[in-house]
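Coordinate analysis (summary)
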Amino acid sequence: SNNDYKYGIDIVLALDVSLSMLATDLQPNRLDAAKAVAKKFIDGRRGDRIGLVVYAGEAYTACPATLDYDILKSQIDEVDGWNMESGTAIGTGLGTSVVHLRSDTLKSKIIILLTDGSNNTGDISPIQAAELAKKKNICVYTIGVGSNGMAPTPVVTPVGIRYENMPVE
C-alpha cells in the first residue's frame, strides 16, 4: 500500500550495460552477474520506490521509480547495450540517476551504481556527477563488477563481435 511508502526510501539502480560488461570473467558474464546482484537486492527491499537507469555511452531510464518489483525485475532481465551508443559513460549514468531523484522529498535518496569501472566517454565526469549527487544529499554506493587480469572480452570488428583475451581491471 502507499502507506508503507512514507517510511520507504527512493533508490535508483544505475546499471552499466556497456560491451565490456559482456566479459566472461564472471559467469556467465559480468552483466548477468550484475543483474543477479540487482535482483537479489530488490528482493530484500520493502516499501522503497526503486527505479532503473541503464547506461553505456549514453543513459536512459529503463524503469521509473516503482513499488512494483516484479515489473522492475523483468526490466532488468531485458536490458542490454546492443542498441545503445558504445562506451562507458559512468558520469552520464550517474547524472541521469541524480536527475531521476530530483524530487523535493526529505526522504533518503540512494543511487546504487553497478559498473565494471572504466569510464571512457560522456559529457560529465563521474566526479562531477558525484558532486551533483552530494549537493542533492543523495548517497551513492558503487558495486564493482569484474576482476583484474585477463578476460575474454567482446570486441567489435568489421565482421561482427568476437571475443578476445583482454586485460581487465
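Everything in this summary refers to the structure shown in the same document.

Here is what the cut-offs are and how they apply
Residues numbered from 1 in each chain as written. Predicted model: local features only at pLDDT ≥ 70, side-chain atom pairs only at ≥ 80, totals over all residues. Heavy atoms only, no water. Helix = DSSP H or I, 4+ residues; strand = E, 2+ residues; numbered from the N terminus. Polar contact = N/O pair within 3.5 Å; in protein donor to acceptor, adjacent residues only side chain to side chain. Contact = heavy atoms within 4.5 Å. Expected span 1.5 Å × (residues − 1). Buried < 20%, exposed > 50% of the residue type's maximum accessible area, 1.4 Å probe, protein only. Axes fitted to C-alpha atoms, helices over the stretch in contact; angles between N-to-C directions. Parallel < 35°, antiparallel > 145°, perpendicular 65-115°, else oblique. Left-handed = near helix turned anticlockwise from the far one by under 90°. Salt bridge = Lys/Arg side-chain N within 4 Å of Asp/Glu carboxyl O.

Things to note about the side chain of Asp48
Structurally, Asp48 can be placed in the loop between helix H2 (30–43) and strand E2 (49–55). From its side chain, Asp48 meets the backbone nitrogen of Ile9 in a polar contact 2.8 Å long. Not counting residues up to four positions away in its chain, the partners in contact with Asp48 are Gly8, Ile9, Ile11, Thr66, Leu67 and Tyr69.

Concerning H2
Between the first and last C-alpha of H2 there are 20 Å, a value that for 14 residues agrees with the 20 Å anticipated at 1.5 Å per step. Residues Arg30, Leu31, Ala33, Ala34, Lys35, Ala38 and Ile42 constitute the buried set of H2. Turning to H2, the residues buried within the fold contact strand E1 (10–16), E2, helix H3 (69–78), strand E4 (109–115) and strand E7 (160–168). N-cap assignment for H2: the residue whose side-chain oxygen lies 3.0 Å from the backbone N of Leu31 is Asn29.

Examining the packing of helix H4 (residues 90–100) against helix H5 (residues 126–135)
It is at 7 Å that the axes of H4 and H5 come closest, and there the two elements cross at 15°. Comparing the axis directions of H4 and H5 gives the class roughly parallel. As H4 packs across H5, the resulting crossing turns out to be left-handed. Between H4 and H5, the residues in contact are Ile90, Gly91, Leu94, Gly95 and Val98 and Pro126, Ala129, Ala130, Leu132 and Ala133, respectively.

Description of the pattern of salt bridges
By the definition in use, this model includes seven salt bridges. A salt bridge links Lys73 to Asp43, with the shortest nitrogen-to-oxygen separation between them at 2.5 Å. Taken together, the residues Lys73 in helix H3 and Asp43 in helix H2 connect sequence positions 30 residues apart. Overall, the relative accessible area of 19% leaves Lys73 in the buried class. Three or more residues are tied together by salt bridges with common partners; here these are Asp25, Arg30 and Asp116.

Side note on the side chain of Thr157
Here Thr157 is to be found in strand E6 (residues 149–157). From its side chain, Thr157 meets the backbone oxygen of Gly160 in a polar contact 2.6 Å long.

Examining the environment of Leu15
Of note, Leu15 is situated in strand E1. Look at Leu15 and you get buried, because its relative accessible area is 2%. The spacing of Leu15 and Cys139 is 124 residues in sequence and 16 Å in space, taken between C-alpha atoms. Excluding residues that lie within four positions of it along the chain, Leu15 makes contacts with Leu31, Ala34, Lys35, Leu52, Val53, Val54, Tyr55, Val79 and Leu114.

Read these as geometric descriptors, not functional statements.
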